[in-house]
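Coordinates in review
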Amino acid sequence: MKLSKRSSSLVATAVAAALLMTACGGSEDEGGEEGGTEAAGGTYSLYIGEPENPLVPGNTTESEGAQVLEALWTGLVQYAADGAVEYTGVAETIESEDNTTWTVTLKDGWTFHDGTPVTAQSFVDAWNYTALSTNAQGGSYFFSNIEGYDELQGETDDAGTLITPPAAEEMSGLEVVDDTEFTVTLATPFAQFPVTVGYSAFFPLPESFFEDPEAAGTTPVGNGPFQAEEEFVPGTGFTLTRFEEYAGEEPAQADSVEFRVYADQATAYTDVQGGNLDVLSDVPPDALTSVQDEFGDRFLEAPSSGFQYLGLPLYQARYADPRVRQGLSMAIDREEIAEAIFNGGRTPADSVVAPVVEGYREGACEYCTLDPERANELLDEAGFDRSQPIELWFNAGAGHDAYIQAVGNQLRENVGVEYVLRGELDFAEYLPLQDEKGMTGPFRLGWSMDYPSPQNYLEPLYSTSALAPVGSNTTFYSNPEFDSLITEGNSAGSNEEAIEFYNQAEDLLLEDMPVIPMFYELEQAAHGENVSNVVIDVFGHIRTAAVTVNS
Amino acid sequence: MRVSCVLTEEGSLGRYIARRLLLTVPVLLGASFLIFAMVYALPGDPIRALAGDRPLSAAVMAQLREDFNLDDPLWLQYVKYVGDLFQGDFGTDFRGRPVLDTILLRLPVTAKLAAVAIAFEILIGVIAGVLAGIRRNGFFDNVVLVSTTVIVSIPILVLAFISQYVFGLQLGLFPIAGTTEGLYSYLLPGLVLASGSLAYVARLTRTSIAENMRADYVRTARAKGLPNKTVIVRHTLRNSLIPVVTFIGADIGTLMGGAIVTETIFNLPGIGRSVFDSVRAQEGAVVVGIVTLMVLFFIFFNLVVDVLYAVLDPRIRYD
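When its secondary structure is counted, chain B shows 14 helices and zero strands. Principal-axis analysis of the C-alpha atoms places the extent of chain B at approximately 85 × 60 × 30 Å. Looking at chain B as a whole, 48% of its 319 residues qualify as buried. Pairs at least 24 apart in sequence give 74% of the contacts found in chain B among residues at least 6 apart. As displayed, chain B offers around 15,400 Å² of accessible surface, 69% of which is attributable to carbon and sulfur atoms. Across chain B, the 27 positively charged side chains and the 24 negatively charged ones have centroids separated by 13 Å.

Residues and elements named next belong to chain A. Within the secondary structure, S256 is located in strand β12 (residues 256–261). Separated by 2.7 Å, the side chains of S256 and T43 make a polar contact. Aside from chain neighbours lying at most four places away, what touches S256 is G42, T43, Y44, F226, T239, L240 and T241.

Turning our eyes to something else, we now look at the environment of T264 of chain B. The residue T264 of chain B is located in helix α12 (residues 260–265) in this model. Residue classification places T264 of chain B among the buried residues on the basis of a relative accessible area of 11%. For the pair T264 of chain B and A160 of chain B, spaced 104 residues apart in sequence, the C-alpha separation works out to 10.0 Å. If sequence neighbours within four positions are ignored, T264 of chain B has contacts with A263, D264 and T267 of chain A together with R273 of chain B. Looking at T264 of chain B, its side chain comes within polar contact range of the side chain of R273 of chain B, at 3.2 Å.

Residues and elements named next belong to chain A. The four strands are arranged β4-β5-β9-β8 in an open sheet whose pairing can be described as antiparallel. The strands lining the two open edges of the sheet, one partner per strand, are β4 (91–96) and β8 (174–178). Averaged over neighbouring strand pairs, the angle between their axes works out to 20° when direction is ignored. In this sheet, strand β9 (residues 181–185) lies alongside strand β5 (residues 101–106) in antiparallel orientation, the contact comprising five bridges. Counted as the bridge partner of V104 is F182 from β9. On the sheet, helix α4 (residues 120–131) packs against β5, β8 and β9 and is oriented at approximately 170° with respect to β8.

This paragraph deals with the interface of chain B and chain A. Counting residues at the interface gives 38 residues for chain B, matched by 51 residues for chain A. Both faces considered, chain B and chain A share a buried interface measuring about 3,800 Å² in area, 55% of it formed by carbon and sulfur atoms. At the boundary of chain B with chain A, the tally comes to one salt bridge. For R106 of chain B, the salt bridge goes to E50 of chain A, with nearest N and O atoms at 3.7 Å. Run the count over chain B and chain A and you get three residue pairs in polar contact (both at pLDDT 80 or more). Among the secondary structure elements, those contributing two or more residues to the side of chain B that touches chain A are α3 (46–51), α4 (58–67), α6 (99–134), α8 (156–170), α12 and α13 (271–280) of chain B. In terms of residue count, the dominant contributor to the side of chain B that touches chain A is α4 of chain B (nine residues). When its residues are assigned to classes, the side of chain B that touches chain A shows 17 nonpolar, eight polar and 13 charged.

Let us now look at helix α2 (residues 13–41) of chain B. Taking 1.5 Å as the rise per residue, α2 of chain B with 29 residues should run 42 Å; its terminal C-alpha atoms sit 42 Å apart, in good agreement. Every buried residue of α2 of chain B is accounted for by Y16, R20, T24, L28, A31, S32, I35, F36 and V39 of chain B.

In this section: the nonpolar core. Formed by 147 residues in total, the largest nonpolar core has its most connected members in L76, W127, F182, V184, L411 and Y462 of chain A. Ranked by the residues each element gives to this core, the list is headed by α4 of chain A, at seven residues. Non-local contacts of L411 of chain A, meaning those with residues more than four positions away in its chain, are made with L328, A331, I332, I390, L392, G416 and V417 of chain A. Counting residues in hydrophobic clusters, the runner-up holds 56 residues, among them L113, A114, I271 and M294 of chain B.

Given two aromatic rings, their pairing is described by the distance between the two centres and the angle made by the two planes. All names here are of chain A. All told, the structure shown has 39 aromatic pairs over all chains when counted by the stated rule. Pairwise contacts between aromatic rings join Y79, F123, W127, Y141, F142, F143, F182, Y199, F202 and F539 into one cluster. A cation sits over an aromatic face here: R346 above F342, 4.0 Å from the ring centre. Sitting above the plane of the F476 ring, K437 keeps its charged end 4.7 Å from the centroid.

Further remarks concern the pairing of strand β14 (residues 299–311) of chain A. Residues and elements named next belong to chain A. Counting buried positions along β14 yields twelve of 13 residues, so the element is predominantly enclosed. Of the strand pairs in this sheet, β14 and strand β19 (residues 515–527) are connected by ten bridges, and their pairing is antiparallel. Following the sheet pairing, P303 is matched in β19 by L522. In terms of strand pairing, β14 meets strand β18 (residues 443–447) through five bridges, oriented antiparallel. Bridging across to β18, Q308 finds its partner in G446.

Within the structure shown, the criterion is met by 20 salt bridges over all chains. Between E258 of chain A and R260 of chain A there is a salt bridge; the shortest N-O distance is 3.2 Å. Here K80 of chain B ties to D72 of chain B by a salt bridge, and the two come within 2.6 Å at their closest N and O atoms. The class of K80 of chain B is partly exposed, set by a relative accessible area of 32%. The class for D72 of chain B is buried, based on a relative accessible area of 18%. Salt bridges sharing common partners tie together R242, E244 and D255 of chain A.

Below, the discussion takes up the environment of T464 of chain A. All names here are of chain A. With respect to the helices and strands, T464 occurs in the loop between α15 (454–462) and α16 (480–490). Exposure remark for T464: the relative accessible area of 30% places this residue in the partly exposed category. The residues contacting T464, other than those within four sequence positions of it, are S478, N479 and D483. Separated by 2.9 Å, the side chains of T464 and S478 make a polar contact.

Glancing now at the pairing of strand β11 (residues 237–242) of chain A. Residue and element names in this part refer to chain A. Sheet analysis places strand β10 (residues 226–228) next to β11, joined by three bridges and oriented antiparallel. When the sheet's bridge partners are listed, A228 is paired in β11 with L240. One ladder, built from five bridges, connects β11 with β12; its direction is antiparallel. When the sheet's bridge partners are listed, L240 is paired in β12 with V257.

Conventions adopted
Residues numbered from 1 in each chain as written. Chains lettered and ligands numbered in written order. Predicted model: local features only at pLDDT ≥ 70, side-chain atom pairs only at ≥ 80, totals over all residues. Heavy atoms only, no water. Helix = DSSP H or I, 4+ residues; strand = E, 2+ residues; numbered from the N terminus. Buried < 20%, exposed > 50% of the residue type's maximum accessible area, 1.4 Å probe, protein only. Contact = heavy atoms within 4.5 Å. Areas by Shrake-Rupley, 256 points an atom, 1.4 Å probe, with all protein chains shown as cover. Lys, Arg positive; Asp, Glu negative; His and termini not counted. Charge placed at Lys NZ, Arg CZ, Asp CG, Glu CD. Polar contact = N/O pair within 3.5 Å; in protein donor to acceptor, adjacent residues only side chain to side chain. Pairing = 2+ DSSP bridges. Axes fitted to C-alpha atoms, helices over the stretch in contact; angles between N-to-C directions. Buried area = accessible area lost by both parts, 1.4 Å probe. Salt bridge = Lys/Arg side-chain N within 4 Å of Asp/Glu carboxyl O. Nonpolar A, V, L, I, M, F, W, Y, C, P; charged D, E, K, R; others polar. Expected span 1.5 Å × (residues − 1). Core = buried A, V, L, I, M, F, W, Y, C linked by side-chain atoms within 4.5 Å. Phe/Tyr/Trp six-rings, centres within 6.5 Å; stacked < 30°, edge-to-face > 60°. Lys NZ or Arg CZ within 6 Å of the ring centre and 35° of its normal.

Printed below as a string of structure tokens:
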């Protein structure tokens, strides 16, 4: 719906993606005949990296495991290509009068792969399990806005040691009305609550899960288009078969899909070239220059939710003046870096919200385009000391060196200040140092969404309540006006109104510039001649059910 | 050095082996503690890194720290680890997978890869070495000399990529990656993995053979009028193999742990890759479990080598 505001190249990609979505979503439009459509059959293989966690929805917060879950589960809602919520999942409606108490009504007829029905209890039990801190689930914080969440958290002292166990095991805000209805009471109003529940942390769990969570982590039982009939083998993968009783509108086209774990993308790329692998969902960066020639229309690219940016240490006097931050941002030529370093695999960012989200506005950031003259003016006005080099921080061993160095070179060229690269720390040291206010210059950060809402790009990263180490606000930006706009957005009467407030909050943020927006990531995929209808969803995952195998 | 130690050894072969095996206990304890301490000493917070950009609530992080005993001092962590180990519990990794499962799953892959590599080393390396050694400075000797120099000087990474591209993708003779085609999948990676050692084995054998060809006992054997084949196979080769066996014995240990590059490029889910990932994630239990196992292999194969000496060289006796 915001297509008209996008740049031409993005429009092309988006339109292509939209066309593909319609193509695959054909069955969605012709919802009536979905049960009767004969699936095309066949089997295909799909690349994944090693999932970091057992295949449990509440404990999967990274992309590889999430790709597997995408095939195994269908959540309450699903998302269209532009991030809009679609009620094609288990939920019939999710409604609220006051944005605080939400009533979730489920559709009839959904079953888990083991034959048990998907009920309101399946959701409530799953959410309570994930939220309870003793279960140590990575997705626990998704439920922090539900009433009673705090009682499910053990207490810790300042050193981070557990002192007391959780006081309760069930959130008081979740209440089962009957099999097809439950209510969710939030601690603070949140108008976009329905937008969040399509994320994997909110998936339902069958009763069998709670009997043996460990076994469920290797042979998951979900309610999605594919089911697991064998254990997931770390380092190797497994094959999922079509779930014949699937109640969703887009049943699996293929008979089965093999998830094949690769240690190295380059190997997978060679394998897809050789025809031994059908779908590669991550094209290695150095292959981007040749992939188009080699794969032609079997190469596809779609905008993803990934957002790369540089945080600024607002606690350092040198970066305390907004004009300094605006000036530095205007001294960077994002286009050039995107082409030269990333071979066009990223696009320049012009806001702090990714384009796949409803509420993204093209060109929202005034200071995100190259303008050395203005940059120098701003720095002069602020009295920026050019004699000291700028220290540029990034985490080691993750391939960020070239990009950060390019930023340094541009700063030197455009505003005449030297730079020092500080890329010596691993992630394990880099993150805690941010929490301790240890950054001495711009530092590399990345974010990808949990659900397609501008709120997800704003509140967790810049609000006062998300200050590190509790949250991810590592620039230590704190602005009461911004906080209150977010709060107003959260409690707005409608989705549109909420987005309105988030946009205002973003405008404020882009004036204060606690971060320098750099790039949006693009999701690339290549596939063999054996399969067609390969589509990338808003999370950057391949829609496994849509893929058809050519006979 | 090892030979002299064997020579001075008193008692029967059985007692010798028993003594050597007893020695492995302190070696294992020492090695595992050292590895444990080294992983412990790595900078940074593994739980924080596990969470990545995402916030983990303080309570969840505390729970994870407690689950993995990360709050305890080093010595207590180690004591708890060894205590569990004696009850057959290798612990779990940060993802909740039992370490023993990881080992049992990945060890056979690495073992097959190492076995194929060793087979190539012995087959190609020893035969090339013998042929080169008996006709020193002949045509074949020069061929071996040049080709081994070339192979040794190419990094295994390059060799792996090129062979994968040429034999896997272009010619389609071997699978590009994975273990789907059984033992056949291991041939190309095995050869790549063996290449460096193979060249070394060939040279070692060549030198050793060439030297022994001039030894007194060979001259005696020839003087007795034994056929050339018997002289070479029974007398020269057998004696020449001692340094080669020493090398291969040590190499098995290296191959078990050092196959990270090959395993990654050919996508073999082996143990080398596992160690690499675990060290990066600072997962003490996994690293110690696997590395201790490797130390055990190393000790075992060294013992086998020492026993083999006696078989190869009748002058070495354990009694």
